[in-house]
Amino acid sequence: MELYELAAYELREKIERREVGIEETVRAVLGKIAEVDGAVRAYVTVAREQALAKARAADERLARGEPARLLEGVPIAIKDNMCTRGVETTCASKILKGFVPPYDATVVERLEGAGAIIVGKTNMDEFAMGSSTENSGFFPTRNPWDLGHVPGGSSGGSTAAVAADEAVAALGSDTGGSVRQPAALCGVVGLKPTYGLVSRYGLIAFASSLDQIGPITKDVRDCAMVLGVIAGHDPRDSTSVPRKPCDYLKGLVPDVRGVRIGVPKEYFGEGMAPGVMAATGAALKTLQDMGAILADVSLPHSEYALATYYIVAPAEASSNLARYDGVRYGYRAPGCPDSVTMMTKTRSEGFGSEVKRRIMLGTYTLSAGYYEAYYLKALKVRTLITRDFDRAFEKCDCLVSPTSPTVAFRLGERTDDPLAMYLSDIYTVTANLAGIPGISIPCGFGEDGMPVGLQILGKHYDEATLLRVAYAFEQATDFHRMKPALRATSTSGSASASASAPASASTSTSTSPSASASDCCGRAPAGGERHA
Amino acid sequence: MPDETLTMSGEAGTARKHQTTGPGRRTGDAADESQFEPAIGLEVHVELSTESKLFCGCSTAFNAPPNSHTCPVCLGLPGVLPVVNRKAVEFGIRTALALNCEVAGFSKFDRKNYFYPDLPKNYQISQYDLPLASGGHIDVPVDGGGARCVRIKRVHLEEDAGKSVHEGGTITGSSFSLEDYNRTGVPLLEIVSEPDIRSPEEAYAYLSMLRSVLRYLDVSDCKMEEGSLRCDANISVRPKGSFVLGTPIELKNLNSFRAVEKALAYEARRQAEALGAGERIVRETRHWDESRQVTVSMRRKEEADDYRYFPEPDLVPLEIDEGWVDEVRATLPELPGARRERFMRQHGLPAYDAAILTESKDVADYFEAAVAAYGGDAKAVSNWVIGELARLMNATGTDIRDARVAPTALAAMLNMIDDGTISGKIAKTVFEEMFATGKTPDQVVAEKGLVQIADESELARIVDEVVAENSRAADEVRAGKDRAIGFLVGQVMRKTRGRANPQAVNRLLQERLSRD
Ligand SMILES: [Zn+2]
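Quick caveat, the model's predicted, so the values are computed rather than measured.

Conventions adopted
Residues numbered from 1 in each chain as written. Chains lettered and ligands numbered in written order. Predicted model: local features only at pLDDT ≥ 70, side-chain atom pairs only at ≥ 80, totals over all residues. Heavy atoms only, no water. Helix = DSSP H or I, 4+ residues; strand = E, 2+ residues; numbered from the N terminus. Buried < 20%, exposed > 50% of the residue type's maximum accessible area, 1.4 Å probe, protein only. Contact = heavy atoms within 4.5 Å. Lys, Arg positive; Asp, Glu negative; His and termini not counted. Charge placed at Lys NZ, Arg CZ, Asp CG, Glu CD. Pairing = 2+ DSSP bridges. Salt bridge = Lys/Arg side-chain N within 4 Å of Asp/Glu carboxyl O. Domains from an automatic or database assignment. Buried area = accessible area lost by both parts, 1.4 Å probe. Donors = N, O, S within 2.8 Å, 3.2 Å for Na, K, Ca; no water. Tetrahedral: all angles 85-135°; square planar, octahedral: opposite > 155°, others 65-115°. Axes fitted to C-alpha atoms, helices over the stretch in contact; angles between N-to-C directions. Parallel < 35°, antiparallel > 145°, perpendicular 65-115°, else oblique. Left-handed = near helix turned anticlockwise from the far one by under 90°. Nonpolar A, V, L, I, M, F, W, Y, C, P; charged D, E, K, R; others polar. Polar contact = N/O pair within 3.5 Å; in protein donor to acceptor, adjacent residues only side chain to side chain. 1 Å grid on protein atoms, 1.4 Å probe; cavity = no way out; pocket = protein on both sides within 12 Å on 5 of 7 lines; lining within 4 Å. Points joined across faces, edges and corners; volume = space filled by probe spheres on them. Core = buried A, V, L, I, M, F, W, Y, C linked by side-chain atoms within 4.5 Å. Arc of directions from axis to C-beta.

Some thoughts on the overall build of chain B
Consideration 1: Along its length, chain B carries 15 helices and 16 strands.
Consideration 2: Judged by the C-alpha coordinates and their principal axes, chain B covers about 95 × 55 × 50 Å.
Consideration 3: Counting across all 516 residues of chain B, residues that qualify as buried make up 52%.
Consideration 4: Long-range contacts, defined as pairs at least 24 residues apart, comprise 70% of the intrachain contacts of chain B with a sequence gap of at least 6.
Consideration 5: Between the mean site of the 64 positive side-chain charges and the mean site of the 80 negative ones, chain B shows a separation of 4 Å.

Next up, the structure:
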């Protein structure tokens, strides 16, 4: 087993026992990046020199006899919308090209304080606006399970990096599903914490009242570990909640007996792919077999969630993105005769079309005469959606649904149809609107042999229950141990992607639809390779 | 008394007499104008004198090198978040209470969106529909006695913008612009009055009163020249006796209290003339052109900016419990209005003196310290404070806190006048020296030999000399021309270099001449 294949907790143990060095670990991951990222393109920036320097310093620390910290030596990737001191941070936007933050985001500070080594900044939909990472201002990222498919988005770079072993863990941000949906599509674990649990300081805002940073990991234990490090009050973020920290690892018991799981009927409606339906159904059966109690629940305002989201998020974004004007940092349109022209041209040239679309939407809905009809109305619906959850949680401990209605689609398939793209988030946006936590874990394979994610939603600040249910499911299944083929199917993969199919990939094909999607007990489905 | 003596520093104060001239001040010229009455509301922005900015820890100090008081937060770098400065909220509460407002238990911040290079986020964090406080009032003393009660509509917190310098004058025509973000994020308190002010003079008095209150509270230094106090006005006119307000016009670019007054006077007249001529007033914003002394139309209301206000998602609502409000209330000082009343009652001062003395807390404190040390007539102290002291401070640009004459020294000097050690006339010389050097009156008198000649025989000798040298004047006095005695007294004073007591000289002269 290669070092880069290990989970964070396994790696940390080896490091603590001095079986492996930190520099050696970081070099292994950097080597994997060099090997496969030409095909996957998960990274916008690889911070090779900084990472190696920090790794050497950490090795010296341990050599001096200092104790290993919680994430000692774990190579972690950071979505490129979180500020890293001295490392370019772009939000995958031309308008921020060249911006090197003079400060670290709180999460970065905390990760590094726990010994993690940041190896690079990952690709994303520009300013986190999108569900496929195709809206990156630089290049699209590809799904390691099939390079002809998207990794999901907007944290597609982070999820692809973890899926392809280009990072042991990563951080993403989730505004409407941007951690959970790509985690599902890439077959990894992704958690969106309760709004206010993780500091947003240093996270470049998309929609401030919805944004939340979350871990993207190979398994649930790692997820709990990373969450434990990044969660907690930060005086620099007024919306971060002062609560005493919780030991998420402690609650990881493989036992769901008596746990009441709600199955919201609105999340199993039309538009769901059969493969996704089958995998989710099988997962529910697994949980039930393990002793969980399933109950039908209703979240009646769910049908307004997407519309509400597409009013609130663009409104906030239109204001949050106003600061990119070429005056102080980032891109500045050259050769303008005066300041006004410069600001206008900078924005016209610097932003991509989806970002512009949302700025226009948000500007419109906040305008005098429309504010009440749109924004204010959306805030009211938001309250109703939150109440739906409150009511559902009166009779169950968590809710389970598919994370995404479909598996990863092909590159270019939805780029011309923004509405189809927006539908990717239909099961995830509600958690952001209500501020509740949600996790996506691998639960099988669907169409084209692509991974399916199971979403578990919980009460405010009840990440512990989510992690426990996720952990129990994971212990009973083997989906999280599947490794992607890192190659393209014959129909959609680009030449370059196929050409750089990695050596470590097995010879198994990934063309047959998943016959074993309903097999919940760990048999490798077609398209996956079992490394366990 | 000239304007400048009425306040101890800077601009003229509450009780200042209005002697504005020029095109702005011709009220009463036109007969039809007197049929109309203006209704004026003022929107005042004051920079709070907190040590750090509203949402970050940067210093608020004025006059620092450009962009030296900045950080990622006030520069609006990507990813930063605001955190409310508690002191600024406390200053807001303090001001709100002094203006008799109701402090909201629940208020929130909103974003006001507009693009300008000196606004780093291209939105300003302000308060829109739920301000910090509302529903207050202050009593403004007006000319001819009495007071105007001006209602305060709202008081809210917001952040200041930076400063732009456009090479070429305006932003659209400039070849480049320079930005200084030192002021960006400095806490501002916006104080909005109802349109209760009835004349430009009252507007002036309102501003003076407001500034006085803010300085008493120690929440702002209110220096218009440094931009720490700014004012926009709205004015409408209506036929006298009408209860319906006319169409308001907003006035901008009012850079001094005087400019506010002049622009309002100009605008009141312009609107009255327009209405008198049967024209309709159109809602618009007008710019005060200081050099031409006229208001110029900037933009019509329908072209007004849409600021797309919405609740600031990066901040939680401001919840202020009554305990905090009570705590702040308990620390409120005696305010100028109350102090003025007390000065009249307790020190027996005329309203005029009381108003001038209480406009600045420092001056009022100085006065009371001197009265306490002196023990004599408070009016005498008042005369010196608003007379000589104010004159010297204005002439030298000195703030009363830096004045080298301590209140006790003034009291000591007044005692020397009372016990005849120095004459009232010599006292002015003594005081000037005290002001310039910080010496006590004893020292000054001793060093300069200014002690009054107490020895009457010496004085009588000088009187004899003067009578001998001015026989014609002496004859005139003897002939009953009383006026001539003044001349002789003056001659004695000159010979003694002011060290004689004029009353004593007068008496000695009368005695000497009646003997002849
Ligand atoms: Zn600052």
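Description of the sheet that holds strand β7 (residues 147-159) of chain B
Strands belonging to one sheet form pairs held by backbone hydrogen bonds; the direction of such a pair is parallel or antiparallel.
Residue and element names in this part refer to chain B.
Consideration 1: Taken in spatial order, the 9 strands make up an open sheet running β2-β6-β7-β10-β1-β11-β12-β13-β14, and their pairing is mixed. Two strands close off the open sheet at either side, each with one partner strand: β2 (102-103) and β14 (294-300).
Consideration 2: Of the strand pairs in this sheet, strand β1 (residues 36-47) and strand β10 (residues 187-193) are connected by 5 bridges, and their pairing is antiparallel. Bridging from a neighbouring strand, glutamate 43 pairs with valine 192 of β10.

What about the pattern of salt bridges?
Pairs can form between side chains of opposite charge once their charged atoms are near each other.
All names here are of chain B.
Consideration 1: Applying the stated criterion to the full structure yields 73 salt bridges over all chains.
Consideration 2: With a closest N to O distance of 2.8 Å, arginine 151 and aspartate 196 form a salt bridge. Pair noted here: arginine 151 is in strand β7 and aspartate 196 is in the loop between β10 and α2 (200-217), with a separation of 45 residues, a long-range link.
Consideration 3: A salt bridge links glutamate 267 to arginine 286; its shortest N-O distance comes to 3.5 Å. With glutamate 267 in helix α3 (residues 257-276) and arginine 286 in strand β13 (residues 284-289), this residue pair connects regions lying 19 residues apart in the sequence. Both residues of the pair, glutamate 267 and arginine 286, count as buried.

Some words on the domain arrangement of chain B
Interface size is commonly expressed as the accessible area that is lost once the parts come together.
All names here are of chain B.
Consideration 1: When the domains of chain B are assigned, the result is domain 1 (44-232 + 303-329), domain 2 (334-448) and domain 3 (456-514).
Consideration 2: Centre-to-centre separation of domain 1 and domain 2, based on C-alpha positions: 36 Å.
Consideration 3: Contacts between domain 1 and domain 2 engage 9 residues on the former and 11 residues on the latter.
Consideration 4: Summed over both sides, the interface between domain 1 and domain 2 buries roughly 750 Å², with carbon and sulfur atoms accounting for 64% of that surface.
Consideration 5: Contact with domain 2 buries surface across domain 1, with Met209, Ser212 and Tyr216 losing the most and accounting together for 67% of the total.
Consideration 6: Counting across the interface, domain 1 meets domain 2 through 1 salt bridge.
Consideration 7: Glutamate 359 is the salt-bridge partner of arginine 211, the closest N and O atoms lying 3.5 Å from each other.
Consideration 8: Here the element with the most residues in the side of domain 1 that touches domain 2 is α2; it accounts for 7 residues.

Considering the coordination of the zinc ion
All names here are of chain B.
Consideration 1: Around the zinc ion, the protein contributes the donor atoms Cys56 (SG), Cys58 (SG), Cys71 (SG) and Cys74 (SG), which lie 2.3 to 2.4 Å from the metal centre.
Consideration 2: Of note is the zinc ion, whose 4 donor atoms meet at the metal with angles of 101 to 115° in an arrangement that counts as tetrahedral.
Consideration 3: Between consecutive donor residues of the zinc ion, the sequence gaps follow C-x1-C-x12-C-x2-C. With cysteine 58 in the loop between β1 and α1 (86-98) and cysteine 71 in the loop between β1 and α1, this residue pair connects regions lying 13 residues apart in the sequence.
Consideration 4: Judged by relative accessible area, which is 9%, cysteine 58 ranks as buried.

Describing the packing of helix α10 (residues 424-437) of chain B against helix α11 (residues 441-448) of chain B
Residues and elements named next belong to chain B.
Consideration 1: One way to put it is that α10 packs onto α11 with a least axis distance of 9 Å and a crossing angle of 115°. By the angle between their axes, α10 is roughly perpendicular relative to α11. Handedness of the crossing formed by α10 with α11: right-handed. Between α10 and α11, the residues in contact are Val430, Glu433 and Met434 and Pro441, Val444, Val445 and Lys448, respectively.
Consideration 2: Tallied by class, residues from the contact of α10 with α11 come to 5 nonpolar, no polar and 2 charged.

As for the interface of chain A and chain B
Consideration 1: Facing 41 residues of chain A, the contacting portion of chain B comprises 37 residues.
Consideration 2: Across the interface of chain A and chain B, roughly 2,900 Å² is buried in total on both sides, 58% from carbon and sulfur atoms.
Consideration 3: It is Ser238, Arg323 and Arg328 of chain A in chain A that bury the most area against chain B; as a group they hold 20% of the surface buried on that side.
Consideration 4: The interface formed by chain A and chain B holds 1 salt bridge in total.
Consideration 5: Across the pair arginine 200 of chain A and aspartate 314 of chain B runs a salt bridge, and its minimum N-O distance is 3.1 Å.
Consideration 6: Taken together, the connections running from chain A to chain B amount to 20 residue pairs in polar contact (both at pLDDT 80 or more).
Consideration 7: Listed by contribution, the elements that provide at least two residues to the side of chain A that touches chain B are α9 (305-320), α10 (339-350) and α11 (353-366) of chain A.
Consideration 8: A per-class count over the side of chain A that touches chain B returns 22 nonpolar, 10 polar and 9 charged.

Regarding the packing of helix α5 (residues 336-346) of chain B against helix α6 (residues 351-359) of chain B
Residue and element names in this part refer to chain B.
Consideration 1: Put simply, α5 and α6 touch, their axes get as near as 9 Å, and they point 140° apart. One way to sum up the angle between α5 and α6 is to call them oblique. Here the hand of the crossing between α5 and α6 comes out right-handed. Of α6, the residues touching α5 (which contributes Pro336, Arg339, Arg340, Phe343 and Met344) are Ala351, Ala354, Ala355, Leu357 and Thr358.
Consideration 2: Across the contact of α5 with α6, the residue classes tally to 7 nonpolar, 1 polar and 2 charged.

Considerations on empty space enclosed by the protein
Residues and elements named next belong to chain B.
Consideration 1: Across all of its chains, the model carries 6 cavities of 30 Å³ or more by this definition.
Consideration 2: Computed from the structure, the largest cavity encloses a volume of approximately 120 Å³.
Consideration 3: Taken together, 15 residues form the lining of the largest cavity, with Phe55, Val73, Pro82, Lys121 and Glu159 sitting closest to its centre.
Consideration 4: When grouped by side-chain class, the residues that make up the lining of the largest cavity number 9 nonpolar, 2 polar and 4 charged.

Observations concerning the pairing of strand β4 (residues 169-174) of chain A
All names here are of chain A.
Consideration 1: Counting buried positions along β4 yields 6 of 6 residues, so the element is predominantly enclosed.
Consideration 2: In β4, alternate side chains face the same way, and those of Ala169, Leu171 and Ser173 on one face and Ala170, Gly172 and Asp174 on the other are all buried.
Consideration 3: Note: strand β2 (residues 75-79) against β4, 3 bridges, orientation parallel. Of the residues in β4, the one forming a bridge with isoleucine 76 is alanine 169.
Consideration 4: Judged from the 6 bridges that link them, β4 and strand β6 (residues 212-217) form a sheet pairing that is antiparallel. The residue bridging serine 173 from the neighbouring strand is isoleucine 213, located in β6.

Concerning the nonpolar core
Consideration 1: Judged by nonpolar contacts, the single largest core of 173 residues is most densely connected at Leu71, Leu111, Phe127, Phe389 and Ile439 of chain A.
Consideration 2: Once you skip the residues sitting within four places of it in the chain, isoleucine 439 of chain A turns out to touch Arg180, Val189, Gly190, Leu191, Cys223, Leu454, Gln455, Ile456, Leu466, Leu467 and Ala470 of chain A.
Consideration 3: Counting 112 residues, the second-largest nonpolar core is a separate cluster that includes Ala272, Tyr366, Val371 and Ala427 of chain B.

Remarks on α11 of chain B
Two residues of an α-helix separated by three or four positions point the same way, owing to the 3.6 residues in each turn.
Residues and elements named next belong to chain B.
Consideration 1: Turning to α11, its buried residues are Pro441, Val444 and Val445. Relative to the axis of α11, the buried residues are bounded by an arc of 95° and lie together on one face. Among the exposed residues of α11, those pointing more than 90 degrees away from its buried face are Ala446 and Glu447.
Consideration 2: After α11 finishes, the residue glycine 449 shows a positive phi value of roughly 60°.

A few points about the sheet that holds strand β5 (residues 123-126) of chain B
Residues and elements named next belong to chain B.
Consideration 1: The antiparallel open sheet is built from 3 strands, whose spatial order is β5-β4-β15. Each end of this open sheet is capped by a strand with a single partner; those strands are β5 and β15 (310-311).
Consideration 2: Relative to β5, strand β4 (residues 110-113) runs antiparallel, the two sharing 4 bridges. Bridge pairing in β5 links asparagine 113 to tyrosine 123.

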